[in-house]
Amino acid sequence: QVRLVESGGGLVQAGGSLRLSCGASGFISNINTMGWYRQAPGNQRDLVARITKTDSTTYADSVKGRFTISRDNDKNTVTLQMNSLKPEDTAVYYCNAGTLNLRNYWGQGTQVTVSS
């Protein structure tokens, strides 16, 4: 089992910045990818950014150039720096960990609200 605990999020004006962090505990040696997904009301949960153990990254087109994902394998944390936030970035953000045996684990979610 892998447990994910998120921090950060909140309310910010458009153009502002927020930083999300996620710490993993439990069977962490089996984690391959870590990332962030988001879900707005009425929408499906979509990938925001993902990073592998070797620091290969993937970003949704909508956040490229504005968001940066990073990972500290020693501290078992993943961070999402979000700059130039837009109202359409408003959603619940979920931390995700994917394991080598293709299991997925999720954090409890943290609300990000961007006001116009």
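Residues numbered from 1 in each chain as written. Predicted model: local features only at pLDDT ≥ 70, side-chain atom pairs only at ≥ 80, totals over all residues. Heavy atoms only, no water.

Okay, the pattern of salt bridges next. If you walk through the whole model with that rule in mind, you get three salt bridges. Between D89 and R38 there is a salt bridge, with the nearest N and O atoms lying 2.9 Å from each other. With a gap of 51 residues between them, D89 in the loop between β8 (77-82) and β9 (91-99) and R38 in strand β4 (residues 31-39) connect regions that are remote in the sequence. By relative accessible area, which is 0% here, D89 ends up buried. Overall, R38 belongs to the buried group, its relative accessible area being 15%. It is possible to trace a salt-bridge network through shared partners that takes in R38, R66 and D89. (Salt bridge = Lys/Arg side-chain N within 4 Å of Asp/Glu carboxyl O. Helix = DSSP H or I, 4+ residues; strand = E, 2+ residues; numbered from the N terminus. Buried < 20%, exposed > 50% of the residue type's maximum accessible area, 1.4 Å probe, protein only.)

A few words now on the sheet that holds strand β7 (residues 67-72). Strand-to-strand pairing in sheets goes through backbone hydrogen bonds, with the strands running parallel or antiparallel. Strand order in the open sheet formed by four strands is β1-β3-β8-β7, with antiparallel pairing between adjacent strands. Either end of the sheet is taken by a strand with one partner, and the two such strands are β1 (2-7) and β7. Sheet twist, expressed as the mean angle between neighbouring strand axes with direction ignored, is 15°. (Pairing = 2+ DSSP bridges. Axes fitted to C-alpha atoms, helices over the stretch in contact; angles between N-to-C directions.)

Attention now goes to the pairing of strand β11 (residues 110-115). Judged by which residues are buried, β11 turns out to be one-sided: T110, V112 and V114 face inward and are buried, whereas Q111, T113 and S115, on the alternate face, are not. As defined by bridge partners, strand β2 (residues 10-13) adjoins β11 across four bridges and the pair is classed as parallel. The residue bridging Q13 from the neighbouring strand is S115, located in β11. Pairing of β9 with β11 involves three bridges; the strand directions are antiparallel. Residue A91 lies in a different strand from β11, and its bridge partner there is V112.

Once that is clear, we can look at the side chain of R71. Checked against the element boundaries, R71 lands in strand β7. Nearest to the buried, unbridged R71 among oppositely charged side chains is D55, at 5.9 Å. Among the polar contacts made by the side chain of R71, one reaches the main-chain carbonyl oxygen of N32 at a distance of 2.6 Å. At 3.4 Å, the side chain of R71 forms a polar contact with the backbone oxygen of T52. When sequence neighbours within four positions are dropped, the list of residues in contact with R71 reads I31, N32, T33, M34, I51, T52, K53, D55, T77 and V78. (Lys, Arg positive; Asp, Glu negative; His and termini not counted. Polar contact = N/O pair within 3.5 Å; in protein donor to acceptor, adjacent residues only side chain to side chain. Contact = heavy atoms within 4.5 Å.)

Taken by themselves, the reported measurements are silent on function.
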